[in-house]
Amino acid sequence: MVKRSAQMAIKPPRDPQDVGYTWPTVLAVTVHLLVVLFSLVSLPSSTAEPDSSSIVQATFVSTETFTDQAQQTTDQQAALNSSTDPDEAEPAPEPDASEQEALQQQADEAAAREEAQARAEEQARELQEARAQAEAEAQRREEEAQRLAEQQEVEAQAREEAQREAEAEAQRQREAEAEARRQREAEAEAQRQREAEAEAQRQREAEAEAQRQREAEAEAQRQREAEAEAQRQREAEAEAQRQREAEAEAQRQREAEAEAQRQREAEAAMQRQLEGEAQAAANAQQAQQAANGFINIVRRAVEQAWLIPAGASDAMSATIQVRLGPSGEVLLTTIASSSGDSAFDRSAMQAVEHAAPFSELRDLPAEQQRNLRQFNLRFTPGDVR
């Protein structure tokens, strides 16, 4: 049954009438053919074969005819027997040979008819049973076909239901796959966004680090520049200090040379004085007078040009060494002895510079000019010496 159900699940359903009436029809035709065959074998002298569709009716008619003839023959035989019975009063006349032959033929025919009728009745019963079996088989096959049709319908409904469920399951699977695909795409998009944000964060951090590095490099550059500038300033200051020291050294050298020159001049003067002591003695008074006159001229001019600083006391005193040129111009003024107040010392030097030039120097003799080109002036408030 399972195999047949599986085959029916594959094959298309058939019409129930094709299943219920095919075999009964074949069986009925076979039974009719058998009846016709028995009739031909049993009744060779009978008339033409009746049509297969009227075999049963013809058999029943023949059966009724044979029964009547047999009954008549039986009656005749009984009459004969009763005529030949010794108990009867009058014995029946013996039939002649033709009559006996006719009677015997009738008896044979009657027996044949009875036998044919019996066979016909047996065939009718068999046909009836076959028909009943065929109808039962047809009924059973119809019921089986109905049951199979119902089963096929149930199976078809089950297949449709299974197909619908499979389609629904496939739809659910497709939806689940679509949802999973959407989730994967969303996760991939979220991952891409996180990676993009991380990359942007790394870029920002890299840019910030680069900015810090640039700022650090700029700060380092500024520091290097500041250090270089400080170095340049230190070098400039050192250079200036060296220049100042060189100038001071040059000044000291100049002063030393001047001092040496003065000493040489003094020695020369002394030598000249020694050599021409007589001449000097003769001219000493005149030179002293000229020198005193020139010094007085210088003192008055300086006194007029000197602006005494406010707050200067009479106890303050400063000595300024003055060196003149050939025409009486001031070549150099230096502080030989400081008063302790720079403003007081500076005012004394400015007074000498403002009072110059001292052109009266040119009126003196050359010897006196040489002696008076360098002298000291002492400054005290209210007096210049």
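### Quick look at the overall build of the chain
So, point 1. Within the chain one finds eight helices and four strands.
So, point 2. What you see in the chain, going N to C, is helices and strands ordered as α-α-α-α-α-α-β-β-α-α-β-β.
So, point 3. Expressed as a percentage of the 385 residues in the chain, the buried residues total 19%.
So, point 4. Residue pairs at least 24 apart in sequence account for 67% of intrachain contacts in the chain once pairs closer than 6 positions are excluded.
So, point 5. Looking at the chain as shown, the accessible area adds up to about 27300 Å², and 51% of this sits on carbon and sulfur atoms.

### Notes on the side chain of Thr334
So, point 1. The topology assignment puts Thr334 in strand β2 (residues 330–337).
So, point 2. If sequence neighbours within four positions are ignored, Thr334 has contacts with Gln251, Glu255, Thr319, Ile320 and Gln321.

### Notes on the nonpolar core
So, point 1. Counting 24 residues, the largest nonpolar core has Phe294, Val302, Leu377 and Phe379 as its most contacted members.
So, point 2. Secondary structure elements with two or more residues in this core: α6 (277–305), β1 (318–324), α7 (342–355) and β3 (374–380).
So, point 3. Beyond its immediate sequence surroundings of up to four residues, Val302 is in contact with Ala351, Val352, Ala355, Phe358, Leu377 and Phe379.

### Some words on a nonpolar patch on the surface
So, point 1. A cluster of nonpolar side chains, namely Leu34, Leu37 and Phe38, defines an oily patch on the protein surface of about 280 Å² accessible area.
So, point 2. Relative to the assigned elements, Phe38 resides in helix α3 (residues 22–42).
So, point 3. A residue is classified by how much of its surface remains accessible, and Phe38, at 40% relative accessible area, is partly exposed.

### What to know about the packing of aromatic side chains
So, point 1. Across all of its chains, the model carries three aromatic pairs by this definition.
So, point 2. Judged by centre distance (6.3 Å) and plane angle (85 degrees), the rings of Phe294 and Phe375 are edge-to-face. Pair noted here: Phe294 is in helix α6 and Phe375 is in strand β3, with a separation of 81 residues, a long-range link.
So, point 3. Phe294 sits in the buried class, given a relative accessible area of 2%.
So, point 4. Centroid distance Trp306 to Phe379: 5.2 Å. Interplanar angle 75 degrees. Geometry classified as edge-to-face. On the criterion of sequence distance, the pair formed by Trp306 in the loop between α6 and β1 and Phe379 in strand β3 is long-range, its members being 73 residues apart. Of the two residues examined, Trp306 and Phe379, each falls in the buried class.
So, point 5. An aromatic cluster of at least three residues, connected via ring pairs, comprises Trp306, Phe344 and Phe379.

### Concerning the pattern of salt bridges
So, point 1. Scanning all chains against the criterion turns up 22 salt bridges.
So, point 2. We note a salt bridge from Glu189 to Arg192, for which the minimum N-O separation is 2.4 Å. Highlighted residues: Glu189 and Arg192, both in helix α5 (residues 97–275), separated by three residues, approximately one helical turn.
So, point 3. For Glu189, a relative accessible area of 35% puts it in the partly exposed group.

### What about the confidence of the model for the chain?
So, point 1. Mean pLDDT for the chain: 78, with 77% of residues reaching 70 or above.
So, point 2. Counted against residues more than four places away or in other chains, residues 1–10, with its pLDDT under 50, gives eleven contacts.
So, point 3. A low-confidence stretch, residues 44–67 (pLDDT under 50), is modelled with 17 contacts involving residues beyond four sequence positions or located in other chains.

Reading guide: rules and limits
- Residues numbered from 1 in each chain as written.
- Predicted model: local features only at pLDDT ≥ 70, side-chain atom pairs only at ≥ 80, totals over all residues.
- Heavy atoms only, no water.
- Helix = DSSP H or I, 4+ residues; strand = E, 2+ residues; numbered from the N terminus.
- Buried < 20%, exposed > 50% of the residue type's maximum accessible area, 1.4 Å probe, protein only.
- Contact = heavy atoms within 4.5 Å.
- Areas by Shrake-Rupley, 256 points an atom, 1.4 Å probe, with all protein chains shown as cover.
- Core = buried A, V, L, I, M, F, W, Y, C linked by side-chain atoms within 4.5 Å.
- Patch = residues over 30% accessible without salt bridge, like charges linked within 9 Å, V, L, I, M, F, W, Y side chains within 5 Å.
- Salt bridge = Lys/Arg side-chain N within 4 Å of Asp/Glu carboxyl O.
- Phe/Tyr/Trp six-rings, centres within 6.5 Å; stacked < 30°, edge-to-face > 60°.
- pLDDT = per-residue confidence, 0-100.

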